[in-house]
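# Inside the fold
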Amino acid sequence: MLIHPEEIRETIEMIQEQQLDIRAVTMGISLRDCIDRRGGRLLDNIYDKITSTAGNLVEVTHSLQHKYGIPIVNKRISVSAISAIAESSDLEDYTPVAEVLDKAAKEIGVDFIGGFTALVHKGETPGDTRLIASIPQALATTERLCSSINVASSKAGINMDAVLKMAGVVKETAELTRERDGIGCGKLVVFANIPEDNPFMAGAYHGFGEPDRVINVGISGPGVVRAMLAKYPDVDLLRVAELIKQTAFKITRMGELIGRESAALLGATPGVVDLSLAPTPTPGDSVAQIIEAMGIERCGAPGTTAALALLNDAVKKGGAMATSSTGGLSGAFIPVSEDLAMAEAAAIGALSIEKLEAMTAVCSVGLDMVVIPGDTPVETIAGIIADQMAIAVVNHKAAGVRIIPAPGKSAGDTVTFGDLLGSAPVMRVSEFSSAGFVRRGGRIPAPLTSLNN
């Protein structure tokens, strides 16, 4: 197939000027063959399995980056849900498992490792209980570990006991990382309908339906979409959707290529391409600016949710034509601290938590990297989580909450996390209580639409 010179020029421009990159190459690794009654042996098995399986991951991604000239920002690992892997061991505290995961990630040189995970949407086993209790200390004492807890699903409903418990875990994790504005919470996601093949952190884990080792790729490119729309300021919205679809197709083809080649070189099964636009704090690399390029004065103004729905749908349609293996979260991410224009909109009052919640009904990731006052009651955090879970459950979609109650900070303050986590204003939360509701406990039943067998 002949490649037109204009296509080559366009690709170079996308990489050099519009922040196009492959956001993540994530190797999923099953740890089921590591299970051992003896805790010490379990830890050795986990370390040996990860380092032997993914030892060349960073080297391979660097070689592909050099070969094709496209940046690969993050190299990551996801593993089987640790609550299940460690449950039969004699460990009462899973912090040592967290530490050995972190040690293996550091040895290999990957950026993050996910899978300190439990699935509790209908209830807890002893392993789930031990893992959840270990989260605050685990995240406070590690650098690269990420944790996720699934508390709801469209088939099971919402486990409100788990929601309230996780609100307490969020508060405790923030306190244990107080000197860094509660950054431990940036590595913790409370999920509904958690995907088994997500390449993005902090919610990645290796599902039990996955192969022994698999490569999943997360694409990016909001800067490319924004730059493309800037060239067509006066076209109607149907044409806007078509332009986004065409751009998403080009971005996704690169992800498909990197995924297949890296899997072949690493002896892994090719997995999914996550069709997501993942922003960064870099100026121009912003989902909020795409929305504003459509004609919304500031992200959060009336019309924002409709614009985001258009964007999310067009990205999925264009990306799905470029790969037969879509998966993960697949859509537009709206993390406040990681998107410079999103953070600016929140700082000036254009974007509230309530508006963000409305936006999550039409995008993929949920309330993400939202910073709230450190003195926010546990019950209020639980209510925020429950609202997001409800949106996900009723709409049969994956969504998570990554919320940070910054210790000692009040609404209007600013926190800075650095690197890809960026900075964000502390957002106002409602002063009215939901304690009576969330402390009822029990489970909110699954919606009637779950009866689709």
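See above for the structure.
Residues numbered from 1 in each chain as written. Predicted model: local features only at pLDDT ≥ 70, side-chain atom pairs only at ≥ 80, totals over all residues. Heavy atoms only, no water.

Attention now goes to the pattern of salt bridges. Here the structure, examined in full by the defined rule, presents 17 salt bridges. Across the pair D368 and R402 runs a salt bridge whose closest N-O atoms are separated by 2.7 Å. Residue D368 is located in strand β9 (residues 366–373), and its partner R402 is located in strand β10 (residues 399–406); the two are separated by 34 residues in the primary sequence. A single burial state applies to D368 and to R402, both of which are buried. A salt bridge links R439 to E379; the nearest nitrogen and oxygen atoms lie 2.9 Å apart. Separated by 60 residues along the polypeptide, R439 in the loop between α15 (435–438) and β13 (443–444) and E379 in helix α14 (residues 378–394) bring together distant segments of the chain. Classification of R439 as exposed rests on a relative accessible area of 51%. By relative accessible area, E379 is classed as buried at 17%. One salt-bridge network, held together by shared partners, links D33, K49, D212 and R213. (Salt bridge = Lys/Arg side-chain N within 4 Å of Asp/Glu carboxyl O. Helix = DSSP H or I, 4+ residues; strand = E, 2+ residues; numbered from the N terminus. Buried < 20%, exposed > 50% of the residue type's maximum accessible area, 1.4 Å probe, protein only.)

We now examine unusual backbone geometry. With an omega of 20 degrees, the peptide bond running from M201 to A202 counts as cis. Tracing the chain through its elements places A202 in the loop between β6 (188–192) and β7 (213–219). Even without being a glycine, M369 presents a positive backbone phi close to 50 degrees. As for its position among the elements, M369 is in strand β9. Here M369 falls in the buried class, since its relative accessible area comes to 0%. With a phi angle near 55 degrees, H396 is a residue other than glycine that sits in the positive phi range.

Here we come to helix α5 (residues 95–108). Look at α5: 20 Å from first C-alpha to last across 14 residues, which is about the 20 Å you get at 1.5 Å a residue. By the burial criterion, the buried members of α5 are T95, V97, A98, V100, L101, D102, A104, A105 and I108. A positive backbone phi angle near 95 degrees is found at G109, which sits one or two residues after α5. (Expected span 1.5 Å × (residues − 1).)

Across all of its chains, the model carries zero disulfides by this definition. Looking at C185, it has no disulfide partner, and the nearest cysteine sulfur is the one in C146, 12 Å off. As a non-bridged cysteine, C299 has C363 as the owner of its nearest cysteine sulfur, 10 Å distant. According to the relative accessible area criterion, C299 is buried, its value standing at 0%. (Disulfide = S-S within 2.5 Å.)

Attention now moves to helix α7 (residues 160–176). With 17 residues, α7 ought to run about 24 Å at 1.5 Å a step, and its terminal C-alpha atoms sit 24 Å apart, in line with that. For α7, the complete set of buried residues consists of M160, A162, V163, L164, M166, A167, V169, V170, T173 and A174. The N-terminus of α7 is capped by N159, whose side-chain oxygen sits 3.2 Å from the backbone nitrogen of D161. (Polar contact = N/O pair within 3.5 Å; in protein donor to acceptor, adjacent residues only side chain to side chain.)

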